[in-house]
Amino acid sequence: MRHSTSMPHDHHDHDHDHAHALLPPDPALRVRALETILTEKGLIDPAALDAIIDTYAHKVGPQEGARVVARAWADPDFRTALLNNADAVLDGMGLTGRQGEHVVVVENTPQRHNMVVCTLCSCYPWTLLGIPPAWYKSDAYRARAVREPRAVLAEFGLTLPAEQAVRVWDSTAEVRYLILPMRPEGTEGWSAEQLLPLVTRDSMVGTGLPLSARDA
Ligand code: FE
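Residues numbered from 1 in each chain as written. Predicted model: local features only at pLDDT ≥ 70, side-chain atom pairs only at ≥ 80, totals over all residues. Heavy atoms only, no water.

### Observations regarding the pattern of salt bridges
And step 1. Scanning the entire structure with this criterion turns up six salt bridges.
And step 2. Among the salt bridges present, the one from Glu107 reaches Arg79, with a minimum N-O distance of 2.6 Å. Taken together, the positions of Glu107 in strand S1 (residues 103–107) and Arg79 in helix H5 (residues 76–84) put the pair 28 residues apart, joining distant regions of the chain.
And step 3. Judged by relative accessible area, which is 29%, Arg79 ranks as partly exposed.
And step 4. In this structure, Asp139 engages Arg142 in a salt bridge whose closest nitrogen and oxygen atoms are separated by 3.3 Å. Of this pair, Asp139 and Arg142 are both found in helix H9 (residues 139–147), three residues apart, which corresponds to roughly one turn of the helix.
And step 5. For Asp139, a relative accessible area of 58% puts it in the exposed group.
And step 6. Beyond isolated ion pairs, a larger network of salt bridges with shared partners links Arg144, Glu148 and Glu155. (Salt bridge = Lys/Arg side-chain N within 4 Å of Asp/Glu carboxyl O. Helix = DSSP H or I, 4+ residues; strand = E, 2+ residues; numbered from the N terminus. Buried < 20%, exposed > 50% of the residue type's maximum accessible area, 1.4 Å probe, protein only.)

Listed below in structure tokens is the structure:
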């Protein structure tokens, strides 16, 4: 900190004494500052960044993952292929790409419920679910999902039977997970198209269940 003795302590001088306070206080502003510096150095193209953000914020979203889940519910061969080698299946559907290079699909069963977290940061299958929700990135979710998954699920309104185990999958930059929820009861014979609206985003992260047949 620079201390001035020769100048009166007017507002201008005060600002100099507290230069650090001019740094952006919150993450959004820090990102903005970083983007400005990188642009000025010619390291990034802001138009390209805007295009990427627009794509994942507005064009790619949970409807992509929902298409995959609904099809897996309706088509047993597709389901088997998806569980065995999701990358190949998703590649064939044009659903691989940035933040979705390697995806593993895990299936919920009456014996086991699966949920996904990224304890390190916020790794998430963008190509299938879009941009992660704020809670997924929160310190609380990341810290507690592994330690007390049932308590976290209860806060999402999801209370599982005691006999159903909970398995938590920790996403990384290398592997992203998509949960294949259990097909809702009373939907026997439904087509993938009919099943599609039952698939919720949270059911594919494991913090929720699909809608029931009544909600269709
Ligand atoms: Fe991460």
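Still more ground to cover, so stick around.
### Describing the coordination of the iron ion
And step 1. Bound to the iron ion are the protein donor atoms Cys118 (SG), Cys121 (SG), Ser122 (N), Cys123 (N) and Cys123 (SG), situated 2.1 to 2.7 Å from the metal.
And step 2. Sequence positions of the residues that donate to the iron ion give the spacing C-x2-C-S-C. (Donors = N, O, S within 2.8 Å, 3.2 Å for Na, K, Ca; no water.)

### Remarks on the confidence of the model for the chain
And step 1. A residue-level look at the chain finds 88% of positions with pLDDT of 70 or above and a mean pLDDT of 87.
And step 2. Counting contacts from residues 1–19, a segment whose pLDDT is below 50, to residues more than four positions away or on other chains yields 13 contacts. (pLDDT = per-residue confidence, 0-100. Contact = heavy atoms within 4.5 Å.)

### Some thoughts on the environment of Pro161
And step 1. Structurally, Pro161 is set in the loop between helix H10 (149–155) and strand S3 (165–170).
And step 2. Pro161 sits 48 residues away from His113 along the chain, and the two C-alpha atoms are 9.9 Å apart.

### Section: the pairing of strand S2 (residues 112–117)
And step 1. Here S2 lies mainly inside the structure; five of its six residues are buried.
And step 2. As paired elements, S2 and S3 share six bridges and run parallel to each other. Bridging across to S3, Asn114 finds its partner in Arg167. (Pairing = 2+ DSSP bridges.)

### A word on the packing of aromatic side chains
And step 1. Taken as a whole and assessed by the stated rule, the structure comprises seven aromatic pairs.
And step 2. Here the aromatic rings of Trp135 and Tyr136 are separated by 6.1 Å at their centres, their planes lie at 70 degrees, and the arrangement is edge-to-face.
And step 3. The buried category is assigned to Tyr136, whose relative accessible area is 0%.
And step 4. Each ring, one from Tyr141 and one from Phe156, has its centre 6.2 Å from the other, and the planes form 75 degrees; the classification is edge-to-face. With Tyr141 in helix H9 and Phe156 in the loop between H10 and S3, this pair connects stretches of sequence that are 15 residues apart. (Phe/Tyr/Trp six-rings, centres within 6.5 Å; stacked < 30°, edge-to-face > 60°.)

### Description of the layout of surface pockets
And step 1. Estimated volume of the largest pocket: approximately 310 Å³.
And step 2. In this structure, the largest pocket is lined by 17 residues; those nearest its centre are Met182, Arg183, Pro184, Leu209 and Pro210.
And step 3. Across the lining of the largest pocket, the residue classes break down as 10 nonpolar, five polar and two charged.
And step 4. For the second largest pocket, the calculated volume is near 240 Å³.
And step 5. What lines the second largest pocket is Pro27, Ala28, Val31, Arg32, Leu34, Glu35, Leu38, Ile44, Leu49, Ile52 and Ile53. (1 Å grid on protein atoms, 1.4 Å probe; cavity = no way out; pocket = protein on both sides within 12 Å on 5 of 7 lines; lining within 4 Å. Points joined across faces, edges and corners; volume = space filled by probe spheres on them. Nonpolar A, V, L, I, M, F, W, Y, C, P; charged D, E, K, R; others polar.)

### Topic: the nonpolar core
And step 1. If you look at the biggest cluster of nonpolar residues, it comprises 46 residues, and the most contacted ones within it are Val68, Leu82, Leu90, Leu128, Tyr141 and Leu178.
And step 2. Of the residues forming this core, the biggest block, six residues, is contributed by helix H4 (residues 62–74).
And step 3. If sequence neighbours within four positions are ignored, Leu178 has contacts with Val68, Val69, Val103, Val104, Val105, Val106, Leu128, Leu129 and Met204. (Core = buried A, V, L, I, M, F, W, Y, C linked by side-chain atoms within 4.5 Å.)

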